[in-house]
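Structural description and commentary
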Amino acid sequence: MFKILWYLVIYGAAIASLFQPWIGVIVGYLIVILGPQFIWFWAVPSKPFFTIAICVIVGFFFQALTGKINFSRLKTPINLCLLIWFVFIIFSYYLGPYAPLTRDYALGSEALFVNYRKIFLFYFLSVLLIDSRKKFTFLVGVFLVSVLYLIYWANMQYLSGVFFRRLSGPRSPQGSAYADENVFAMVFVVGAPFFYYLAYLWRSKILRLLTWCTIPFSWHAVFLTASRGGLLGIATTIFVGSLRSPKKFIGLLLIPAFFFVYQWQGGSIMKERAKTISKYQQEGSAQTRLQAWKAASRMIAKYPFFGVGPGSFVRAFPDFSDKTPRQAHNTFFQIAAESGLIAGVNYIILLYLMFKILNQASTIFKNNDQFMYLVSESLFVSLCGFVVCAMFLSLHIYEIFFYFCLLVNFIYLYIKDFYAQNN
């Protein structure tokens with residue numbers, strides 16, 4: 001029965017996408033964020049995202065031919081930054097010295113380039129298809145539902161005792177997007193602020209409190225991963241969130257609440273790893289990151305324009321360091337080393353623009369549109385947590401980040417419409 005349900009969801013959404021492709025965008029991001037193909041791999045059809053994406057593309061072309069697509073929605077600073085980034089990825093793939101085109105010679109480059117194309121194409125299609133507040137609301141809802149279930153999933157692994165030492169995300173025999181504990185922790189770091197802020201939409205205090213009750217469980221999920229980056233991300237979101245809270249007193253209560261939950265349920269592994277954060281000079285993992293950053297700096301210095309090639313950081317590593325090859329463990333260094341310094345700086349500019357737009361949106365909508373105000377604040381705080389984690393993790397293909405770009409881009413266009421209607 002459960003298998004039939006998922007077949008109906010995937011194939012039903014695929015058929016609907018031929019006529020209303022925005023439905024496929026919503027279901028596509030549900031697949032990307034929740035990962036049902038990893039949780040219920042025995043029930044979900046194979047390649048669910050591919051099935052949805054193909055139908056979205058077909059439906060998009062039908063709508064484009066009938067003049068229902070407003071291509072001016074692409075003219076935003078966020079889209080420009082993402083386009084520049086993608087252009088340099090293409091350049092680095094064809095011109096990078098460590099990313100040859102032959103599949104058997106550099107599978108990493110080939111696989112990553114395919115992944116990049118999928119992410120960017122679906123993003124730009126989504127920009128054009130998510131063109132109303134109703135569709136935007138559904139898109140936000142997908143994130144809330146996905147994170148809520150993953151919070152439940154992670155805590156159930158703890159209660160059932162089926163994991164050992166550090167919790168990674170759900171996975172199928174073919175693998176998982178959440179196989180790395182640090183990446184899995186990111187879901188809860190960027191998800192918790194949404195539950196805090198959007199709870200203010202409830203008029204009922206009971207419903208608001210119930211929504212807030214999910215936050216300690218999200219913290220506990222990070223503790224289970226024992227991710228130090230995740231712990232720093234939580235601390236950042238709590239600090240920023242308390243300062244920007246609609247109710248300052250309630251926001252400040254998050255700080256003692258977090259310390260209480262950490263002392264009670266932090267776990268020995270998380271606490272042991274947390275002690276090494278301030279002692280990075282003696283800590284092995286921190287030292288390997290510093291070694292990777294030095295190697296990345298040398299790659300950037302030698303290949304500043306197009307980098308060593310997407311997915312080629314580890315392959316190029318031995319030519320720039322005598323240490324054990326590894327990923328950069330820093331998103332800026334990963335992008336700049338693989339696709340060139342311009343791509344790396346462009347990534348920083350993209351983050352700056354997103355924060356600027358969200359801060360402006362919060363000011364504009366605070367007294368005019370509660371939903372847009374709370375979503376903007378949620379995104380602002382979540383991105384603060386993302387930026388801190390991105391300093392220690394390679395999150396260049398973290399698809400939730402591109403989902404956030406989509407939300408912020410919509411908010412930017414919504415601000416323009418707001419000014420147009422009030423002037």
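Residues numbered from 1 in each chain as written. Predicted model: local features only at pLDDT ≥ 70, side-chain atom pairs only at ≥ 80, totals over all residues. Heavy atoms only, no water.

With that out of the way, let us pick up helix α18 (residues 370-390). The terminal C-alpha atoms of α18, which comprises 21 residues, lie 30 Å apart, in line with the 30 Å expected from a rise of 1.5 Å per residue. Among the 21 residues that make up α18, 19 are buried, leaving the element largely enclosed by the rest of the structure. (Helix = DSSP H or I, 4+ residues; strand = E, 2+ residues; numbered from the N terminus. Expected span 1.5 Å × (residues − 1). Buried < 20%, exposed > 50% of the residue type's maximum accessible area, 1.4 Å probe, protein only.)

With that out of the way, let us pick up the packing of aromatic side chains. The geometry of an aromatic ring pair is captured by the separation of the ring centres together with the interplanar angle, meaning the angle of the planes. Enumeration over the complete set of coordinates arrives at 58 aromatic pairs. Measuring from centroid to centroid gives 5.9 Å for W22 and F138, while their planes differ by 40°, and the two rings are tilted. Pair noted here: W22 is in helix α2 (residues 21-34) and F138 is in helix α7 (residues 133-160), with a separation of 116 residues, a long-range link. A relative accessible area of 13% places W22 in the buried class. One aromatic cluster is present, built from ring pairs that chain together W85, F86, Y116, F120, Y347, F386, Y398, F401 and F402. A cation over a ring is seen here: R244 above F380, with NZ or CZ 3.8 Å from the ring centre. (Phe/Tyr/Trp six-rings, centres within 6.5 Å; stacked < 30°, edge-to-face > 60°. Lys NZ or Arg CZ within 6 Å of the ring centre and 35° of its normal.)

For the rest of this paragraph, the subject is the confidence of the model for the protein. Per-residue confidence for the protein gives a mean pLDDT of 90, with 96% of residues at or over 70. Here residues 102-107 scores under 50 on pLDDT; set against residues more than four positions off or in separate chains, the count is five contacts. (pLDDT = per-residue confidence, 0-100. Contact = heavy atoms within 4.5 Å.)

Inspection of the secondary structure assignment puts T211 in helix α9 (residues 205-212). Under the relative-accessibility criterion, T211 is labelled buried at 16%. Only 2.8 Å separates the side chain of T211 from the backbone oxygen of L207, close enough to count as a polar contact. Excluding anything up to four places from it in sequence, T211 contacts F195, A199 and W202. (Polar contact = N/O pair within 3.5 Å; in protein donor to acceptor, adjacent residues only side chain to side chain.)

This next bit is on the nonpolar core. Counting 131 residues, the largest nonpolar core has F401 and F404 as the members making the most contacts within it. In contact with F404, not counting residues within four places along its chain, are F143, V190, F194, M354, L379, S382 and L383. (Core = buried A, V, L, I, M, F, W, Y, C linked by side-chain atoms within 4.5 Å.)

Right, let's talk about the packing of helix α17 (residues 341-365) against α18 for a bit. Taken N-terminus to C-terminus, the directions of α17 and α18 make an angle of 150°; their axes are 8 Å apart at the nearest point. Classed by the angle they form, the pair α17 and α18 counts as roughly antiparallel. Handedness of the crossing formed by α17 with α18: left-handed. Only Q370, M372, Y373, S376, E377, L379, F380, L383, C384, F386, V387 and A390 of α18 make contact with α17, whose side of the interface consists of Y347, L351, M354, F355, L358, N359, A361, S362 and F365. (Axes fitted to C-alpha atoms, helices over the stretch in contact; angles between N-to-C directions. Parallel < 35°, antiparallel > 145°, perpendicular 65-115°, else oblique. Left-handed = near helix turned anticlockwise from the far one by under 90°.)

A few words on the packing of α18 against helix α19 (residues 399-421). Viewed as axis vectors pointing N to C, α18 and α19 meet at an angle of 140°, and their least axial separation amounts to 11 Å. Crossing geometry of α18 relative to α19 is assigned as left-handed. In this structure, α18 uses M372, V375, S376, L379, S382, L383 and F386 to contact α19, whose residues at the interface are F401, F404, L407, V408, F410, I411 and Y414. Partitioned by chemical class, the residues of the contact of α18 with α19 number twelve nonpolar, two polar and no charged. (Nonpolar A, V, L, I, M, F, W, Y, C, P; charged D, E, K, R; others polar.)

What follows concerns unusual backbone geometry. Phi is mostly negative for residues that are not glycine, and the peptide bonds are mostly trans. For K47, which is not a glycine, the phi torsion comes out positive at approximately 50°. Inspection of the secondary structure puts K47 in the loop between α3 (36-39) and α4 (48-65). Backbone geometry at A226 places phi at a positive 55°, although glycine is not the residue there. Within the element layout of this structure, A226 appears in the loop between α10 (214-225) and α11 (228-243).

Side chains carrying opposite charge are able to pair once their charged atoms draw close together. Within this structure, the stated rule accounts for four salt bridges. Two residues, D369 and R133, come together in a salt bridge whose shortest N-O distance is 2.4 Å. With D369 in the loop between α17 and α18 and R133 in helix α7, this residue pair connects regions lying 236 residues apart in the sequence. Using a relative accessible area of 14% as the deciding quantity, one classes D369 as buried. (Salt bridge = Lys/Arg side-chain N within 4 Å of Asp/Glu carboxyl O.)

Attention now goes to the state of the cysteines. Under the definition given, this model contains zero disulfides. Lacking any disulfide linkage, C81 is separated from the closest cysteine sulfur, that of C405, by 9.2 Å. Its relative accessible area of 6% is what places C81 among the buried residues. Free of any disulfide, C389 has its nearest neighbouring cysteine sulfur in C384, separated by 11 Å. (Disulfide = S-S within 2.5 Å.)

Our focus in this paragraph is the environment of I411. The topology assignment puts I411 in helix α19. For I411, a relative accessible area of 0% translates into the label buried. Along the backbone, I411 and M354 are 57 residues apart, and their C-alpha atoms lie at a distance of 9.9 Å.

Bringing helix α1 (residues 2-19) into the picture now. Owing to its 3.6 residues per turn, the α-helix aligns residues three or four sequence positions apart on the same side. Taking 1.5 Å per residue, 18 residues should reach 26 Å; α1 reaches 26 Å between its end C-alpha atoms and fits that length. Buried within α1 we find W6, I10, A13, A14 and S17. Projected onto a plane normal to the axis of α1, the buried residues spread over an arc of 100° and lie on a single side. With respect to the buried face of α1, the exposed residues turned more than 90 degrees away are I4, L8, I15 and F19. Where the residues of α1 are buried, they touch α2, α3 and α4. (Arc of directions from axis to C-beta.)

All right, on to the side chain of E338 then. Structurally, the position occupied by E338 is in helix α16 (residues 331-339). Buried and without a salt bridge, E338 has R315 as its closest oppositely charged side chain, separated by 11 Å. In terms of polar contacts, E338 uses its side chain to reach the backbone amide nitrogen of G311, at 3.1 Å. At 2.9 Å, the side chain of E338 forms a polar contact with the side chain of Q334. Look past the residues within four positions of E338 in its chain and what remains in contact with it is S92, L112, F306, G307, V308, G309, P310, G311, S312, F313, Q327 and H396. (Lys, Arg positive; Asp, Glu negative; His and termini not counted.)

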